[in-house]
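Summary of structural features
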Amino acid sequence: MTDTRAEDQRMVSSNSLEIRFGSSPLVIESIRSARGQIICAGGSQEFLLRVEGQVSEPIFLRRVLSFDLESDKVAFVLTDDEGRYEVAAEIAVSEEGLRSSFRATGPAPIWLIEWRLAGLDLSEVLIPALGGQAVTSAMPNGERLSYKYPFWWNAQFAIGMTGEDSGIWLRTLDKDPHFKLLRVGREESTFDLTLGFEADGPLTVGVLSGEFFLDAFAGSWKVPVDRHREWLEHEFNLVPYARHPSYPSWMNDISLVLELWGMRRDRGRPAHRFDDMCRRVEQFASQHPPSQTLLYLPGFAGGGIDSGIPDYSPATKLGGATGFARLIDTAHRLGYRVMIHTNVLGMTFNHPLFKRFEQHQVVDVFGREQGWGLDLDGDWLAEPYFAYINPGVPEWGELIADVLTEFVSAYRVDAVFIDQTLLAFNVSRGPNFISGMRTHIERLQQSFPATLFAGEGINEHVLPALPVVQIHGIDSVADVHGMDDHVPWRYVHPVSTYLFGPHTRFLPHLLTKHPSNPVFKKQEAAYADLGVIPTIVCYEADDALSGPEIDVVLKRARQLPETAITSTT
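Keep in mind the model is a prediction, meaning the values are calculated, not measured.

**A short note on a nonpolar patch on the surface**
- Residues Trp372, Leu374 and Leu376 make up a contiguous nonpolar surface patch of about 290 Å² in total accessible area.
- With respect to the helices, strands and loops of the structure, Leu374 is situated in strand β25 (residues 371-374).
- Owing to a relative accessible area of 36%, Leu374 belongs among the partly exposed residues under this scheme.

See the structure below:
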């Protein structure tokens, strides 16, 4: 091992951050900001690899082959105990802070490389995941949270606050559609952050490279978010949502979502028939101006949401095509805008065209076919319900456009909600899924230029295509929409809505409760903090559309045009 500087000079520093090493590059003696604030008073960094065929058996690279320090950079080479895999890494000064770059090599195809920095003395960590969340220093030792980019982790940074007006942030600046991983953990009363880089499928080579940046900042958490948004706006050619070519002017007036469920697949019966919906929208017109209300219709087709998709023929049990047309006419006569619920990439296995599209089903990097399923029998194994078709396949876009033509031309719906746009898979066959999702949405927008397409969730890669999205509230910090298992050290934070807010408007998530449900108060409080348009969801025909709980929602809706949905920006 070589060493080009005296032991007390084992450090690399930028204008805002200094890292001082021990005798090994894996030992961090200290990390401090330019203001002299100690962020780490004894920590470590480590690299590990996960390779094809043994991803659950990580390969740790702990042997140091070289360690060289120069005036503005540190370079080192690590290997595993057997000397089969190596990582050559460099930490250097850059305009974005301290830039770390690496190149991993080995005899087997590498799936993932993880870098971990431990021993960080932070008050909380902010993660732009789903609706945005924060993890405080009350997180118990031994806990660890993982986020996949761009699926759950929607923007490629994490912020560590050291106080109300200072902190550090970890970020990557990758415009290309690659998969990454963030882990936030707590050990010995300090935080650790793990950043992972995933190889694009199919896995074929034993080489994987990447780079990331670590920097300190002074000011609130908005300082680094503003910087990252500037980068996003430049690299992804973003425009304010009001200037988006697929954002209709009528959406500016929307201050409330009225969600009426049709067929309930879990009940096998209608929650509302179309005639029921007609009566309800007429009743509600005196409660809130219809011109400011988006009527959202989940379960209007088949046996309920996702039943027989992508067949969206109006459900016979609800009143069929005639009843649906009457509902749309009634809503439009009153001044409502109407949004139907669809799925962006789902096809049921019993669909008559499934055999034709089976070849385009998503197959992940490990060769597993992907689809949606539910654990119906309690054995922790999901029973398959429908397949995911790769959205980058042009034939899929053509099919969905054909399906939607009737709704846009014959029924004149104003908006189409396309569920599961937040999904992202590393595929071993077919087009890149991330870029394919964006192009699929954009093709639909080009086919129906007067129709609003809204998505579920947002990330950096679909942001340019989606000026309106549903966003998660308290279910951002719960078990997959379960809204259970809340802990005092993890809470919803506006980091995501602040980042994306200038470029998309936020609707509440599909599974928002009715205002009479006790959980709704928590949901509504989170949505209010995040600047989300308020909603009233009626899962049953007898769910109230008036009363004290409803008045609370209507009050915020009336204030929305004054406070503006982008108030958090």
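**Topic: the nonpolar core**
- Counting residues in hydrophobic clusters, the biggest one holds 98 residues, and the most contacted among them are Ile159, Leu295, Leu297, Phe300, Phe324, Trp396 and Ile536.
- It is helix α5 (residues 394-409) that provides the largest number of residues to this core, a total of seven residues.
- If we skip the residues at most four places from it in the chain, Ile159 touches Glu124, Val125, Leu126, Ile168, Trp169, Phe217, Trp221, Pro224 and Val225.
- Listed in part, the 62 residues of the second largest apolar core include Phe67, Leu117, Leu122 and Met139.

**Remarks on the pattern of salt bridges**
- Scanning the model with the defined rule gives 32 salt bridges in all.
- Put simply, Glu46, Arg62, Arg116, Arg144 and Asp192 are held in one network by salt bridges that share partners.

**A word on the sheet that holds strand β32 (residues 535-538)**
- Taken together, eight strands build an open sheet; the order of strands is β31-β29-β28-β27-β23-β22-β19-β32 and the sheet is parallel. With one partner strand each, in any of the chains shown, β31 (505-508) and β32 form the two edges of the open sheet. Between one strand axis and the next, the sheet turns by 25 degrees as a mean value, whatever way the strands run.
- In terms of strand pairing, strand β19 (residues 256-260) meets strand β22 (residues 293-297) through four bridges, oriented parallel. By the bridge assignment, Leu256 is partnered in β22 with Thr293.

**Some words on the sheet that holds strand β7 (residues 73-79)**
- The antiparallel open sheet is built from 10 strands, whose spatial order is β6-β7-β8-β9-β18-β15-β14-β11-β12-β30. Two strands in the sheet have a free side with no partner beyond their single neighbour: β6 (63-69) and β30 (490-492). Taken over all neighbouring pairs, the strand axes of this sheet differ in orientation by 15 degrees on average, direction set aside.
- Note: strand β11 (residues 124-127) against strand β12 (residues 133-136), four bridges, orientation antiparallel. Looking across to β12, one finds that Leu126 is bridged to Ala134.

**Some words on the confidence of the model for the protein chain**
- Mean pLDDT over the protein chain works out to 93, with 95% of the residues at or above the 70 mark.
- Contacts for the low-pLDDT stretch residues 1-7, under 50 throughout, to residues beyond four places or in other chains number 17 contacts.
- Every residue in residues 562-569 is under pLDDT 50, and counting partners more than four places away or in other chains gives 19 contacts.

**A short note on the environment of Lys355**
- For Lys355, the position within the fold is in helix α4 (residues 354-357).
- With 238 residues separating them along the chain, Lys355 and Leu117 place their C-alpha atoms 48 Å apart.

**Focus on the packing of aromatic side chains**
- Evaluated as defined, the whole model comprises 29 aromatic pairs.
- Ring plane angle 55 degrees and centroid distance 6.3 Å describe the contact between Phe47 and Phe76, whose orientation is recorded as tilted. Separated by 29 residues along the polypeptide, Phe47 in strand β4 (residues 38-51) and Phe76 in strand β7 bring together distant segments of the chain. Comparing Phe47 with Phe76 shows no difference in burial state: the two are buried.
- When the centroid spacing of 4.4 Å and the interplanar angle of 35 degrees are considered together, the rings of Trp115 and Phe212 count as tilted. Remark: Phe212 occurs in strand β18 (residues 207-218) and Trp115 occurs in strand β10 (residues 110-120); sequence separation between them is 97 residues. Assigned by exposure class, Trp115 and Phe212 land together as buried.
- Ring-pair connections join several aromatic residues into one group, and the members of that group are Phe47, Phe76, Phe102, Trp115, Phe197 and Phe212.
- Here the basic side chain of Arg62 rests over the ring of Phe60, its NZ or CZ set 4.3 Å away from the ring centre.

**Let's talk about empty space enclosed by the protein**
- The full count for this structure, using the stated rule, is three cavities of 30 Å³ or more.
- Its volume calculated, the largest cavity comes out at about 120 Å³.
- As for the largest cavity, its lining consists of 16 residues, and the residues nearest its centre are Gln45, Ile91, Ser100, Trp115 and Phe212.
- Breaking the lining of the largest cavity down by element, the ones donating at least two residues are β2 (17-21), β4, β8 (86-94), β9 (97-105), β10 and β18.
- Taken together, the residues of the lining of the largest cavity break down into 12 nonpolar, three polar and one charged.

What counts, and at which threshold
Per chain, residue numbering runs from 1 following the sequence as it is written. Residues qualify for local features only when their pLDDT is at least 70, as the model is predicted, and side-chain atom pairs are given and counted only at 80 or more; totals for whole chains, interfaces and linings, by contrast, use all residues. Each side-chain value is worked out from all heavy atoms of the structure, with water and hydrogens disregarded. Candidate patch residues must exceed 30% relative accessible area and have no salt bridge, after which like charges are joined if within 9 Å and Val, Leu, Ile, Met, Phe, Trp or Tyr side chains if within 5 Å. With residues, only the protein chains shown are counted as cover, and all accessible areas are computed by Shrake-Rupley using a 1.4 Å probe. We count a salt bridge whenever a side-chain nitrogen from Lys or Arg sits within 4 Å of a carboxyl oxygen from Asp or Glu. Secondary structure elements follow DSSP: runs of H or I of four or more residues count as helices, runs of E of two or more count as strands, with numbering from the N terminus. Note on exposure labels: buried denotes an accessible area under 20% of the residue type's maximum, exposed denotes more than 50%, and partly exposed covers the range between, all computed with a 1.4 Å probe on protein chains only. Each nonpolar core is a collection of buried residues, namely Ala, Val, Leu, Ile, Met, Phe, Trp, Tyr and Cys, held together in the definition by side-chain atoms within 4.5 Å. By definition in these notes, contact holds between two residues if any of their heavy atoms fall within 4.5 Å. Should DSSP find at least two bridges between two strands, the strands are taken to pair. Working convention: axes come from line fits to C-alpha atoms, limited for helices to the stretch in contact. Angles between N-to-C directions cover 0 to 180 degrees. A residue's pLDDT is the confidence the predictor assigns to it, expressed on a 0 to 100 scale. Ring geometry is summarised as follows: Phe, Tyr and Trp rings, the Trp one being its six-membered ring, pair when their centres sit within 6.5 Å, and such pairs are stacked at plane angles under 30 degrees, edge-to-face over 60 and tilted between the two. Cation placement over rings: the criterion is NZ of Lys or CZ of Arg within 6 Å of the ring centroid and within 35° of the ring normal. Here a cavity is any set of points on a 1 Å grid over the protein atoms alone where a 1.4 Å probe fits but cannot get out, and a pocket is any open set with protein on both sides within 12 Å along at least 5 of 7 lines; a residue lines the site when it has an atom within 4 Å of a point. Grid points are joined across faces, edges and corners, and a volume is the space filled by probe spheres set on the points. In this classification, the charged set is Asp, Glu, Lys and Arg, the nonpolar set is Ala, Val, Leu, Ile, Met, Phe, Trp, Tyr, Cys and Pro, and all remaining amino acids, among them Gly, are polar.

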